[in-house]
Amino acid sequence: MQNSKMRKVLLFFIPVSLLVLAGCVDMTVEWQIDDNGDLSSTLYVTPDSMYEEEASLILNLGSLGLVPFWPSIDTDFQDSTYTITPITKISIEELRQKTKLNVYFDNNMFKLTIPQLYYDVYDKDTVVLTLKVTFPRPVKIANSVDIEANTVTWRITKGMLTKDVVLQAILQ
């Protein structure tokens, strides 16, 4: 059962990741974390106009891969952007267990490690992922230049992904 769920997730994330890593789409993920460590999420994918049809197919079929984590998913397409929003929340602990992501939140500190995805890249400054995390309290310090009250935005480039990337925030 667990392997079946993981295969569905991979059916979604592998094609989307390939489009993102190839620079064919812009991807923004927004997480909202509450005091209990529960996470609600929204994924925005804007394909390059050349790849709009392929992105549509991948996102519509691939959203099935999110079902093991979020049984109810709302999808939308507006202004050339696909939006996928799970209706229910998932705890950080569940996310860590189900995806094997190295993510931690204890109501004072947030830490996410993104593993190395590239060995060498020629376009190091290309942003492949924007991750915007809203916390239950204001952020004291984070390893990002984009901090607004209780929200931190990290822009992950291809060059950063030539090694493990650690995103961290400490709350007030």
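A brief look at the structure comes next. (Residues numbered from 1 in each chain as written. Predicted model: local features only at pLDDT ≥ 70, side-chain atom pairs only at ≥ 80, totals over all residues. Heavy atoms only, no water.)

1. Topic: the overall build of the chain
Looking only at helices and strands, the chain has 3 helices and 12 strands in total. Scored against the burial criterion, the 172 residues of the chain give a buried share of 40%. Expressed as a percentage of contacts within the chain between residues at least 6 apart in sequence, the contacts between residues at least 24 apart total 61%. Within the structure as shown, the chain displays about 9,700 Å² of accessible surface, and the carbon and sulfur contribution to it stands at 54%. (Helix = DSSP H or I, 4+ residues; strand = E, 2+ residues; numbered from the N terminus. Buried < 20%, exposed > 50% of the residue type's maximum accessible area, 1.4 Å probe, protein only. Contact = heavy atoms within 4.5 Å. Areas by Shrake-Rupley, 256 points an atom, 1.4 Å probe, with all protein chains shown as cover.)

2. Quick notes on the pattern of salt bridges
A side chain of one charge can pair with a side chain of the opposite charge if their charged atoms are brought near each other. All chains considered together, the criterion is met by 4 salt bridges. Lys89 is paired through a salt bridge with Asp34; the nearest N and O atoms lie 3.1 Å apart. You can see Lys89 sitting in the loop between strand 4 (81-86) and strand 5 (90-91) and its partner Asp34 sitting in the loop between strand 1 (25-33) and strand 2 (38-47), a full 55 residues away along the chain. A salt bridge links Glu93 to Arg96; the nearest nitrogen and oxygen atoms lie 2.0 Å apart. In this pair, Glu93 and Arg96 both sit in helix 3 (residues 92-99), 3 residues apart, roughly one turn of the helix. (Salt bridge = Lys/Arg side-chain N within 4 Å of Asp/Glu carboxyl O.)

3. Thoughts on the environment of Leu112
Mapped onto the fold, Leu112 is located in strand 7 (residues 109-114). Measuring from C-alpha to C-alpha, the distance between Leu112 and Leu101 comes to 7.8 Å, with 11 residues separating the pair along the chain. If we ignore the near neighbours within four places in the chain, the residues touching Leu112 are Trp31, Leu101, Asn102, Val103, Leu131, Val165, Val166 and Leu167.

4. Re the pairing of strand 7
Relative to strand 7, strand 6 (residues 102-105) runs antiparallel, the two being bridged by 4 bridges. Looking at the pairing, Phe105 lines up with Phe110 of strand 7. Sheet topology note: the strand 7/strand 12 (residues 165-171) ladder contains 6 bridges and is antiparallel. Note that in strand 12 the partner of Ile114 across the bridge is Val165. (Pairing = 2+ DSSP bridges.)

5. Section: the sheet that holds strand 7
Sheet architecture is open: 4 strands sit in the order 6-7-12-9, paired in antiparallel fashion. The open sheet has two free edges, formed respectively by strand 6 and strand 9 (139-142), since each of these has just one partner strand. Each strand of the sheet is rotated relative to its neighbour by a mean of 10°, with strand direction disregarded. Sheet topology note: the strand 9/strand 12 ladder contains 3 bridges and is antiparallel. The partner of Ala142 across the bridge, within strand 12, is Ala169. (Axes fitted to C-alpha atoms, helices over the stretch in contact; angles between N-to-C directions.)

6. Some details on the side chain of Glu30
Within the secondary structure layout, Glu30 lies in strand 1. Although Glu30 is buried, it makes no salt bridge; Lys132 carries the closest opposite charge, 4.2 Å away. Apart from the residues lying within four places of it in its own chain, the contact partners of Glu30 are Ser40, Ser41, Thr42, Tyr44 and Lys132. (Lys, Arg positive; Asp, Glu negative; His and termini not counted.)

7. Points about the packing of aromatic side chains
All chains considered together, the criterion is met by 4 aromatic pairs. Taken together, a centroid distance of 6.4 Å and an interplanar angle of 85° make the contact between Trp31 and Phe110 edge-to-face. Here Phe110 lies in strand 7 and Trp31 lies in strand 1, a separation of 79 residues in the sequence. Taken as a pair, Trp31 and Phe110 share a single burial class, namely buried. Between Phe110 and Phe135 the ring centres are 5.4 Å apart and the planes differ by 65°, which places this aromatic pair in the edge-to-face class. A residue pair is termed long-range when its members are at least 10 positions apart, and Phe110 in strand 7 and Phe135 in the loop between strand 8 (127-134) and strand 9 qualify at 25 residues. (Phe/Tyr/Trp six-rings, centres within 6.5 Å; stacked < 30°, edge-to-face > 60°.)

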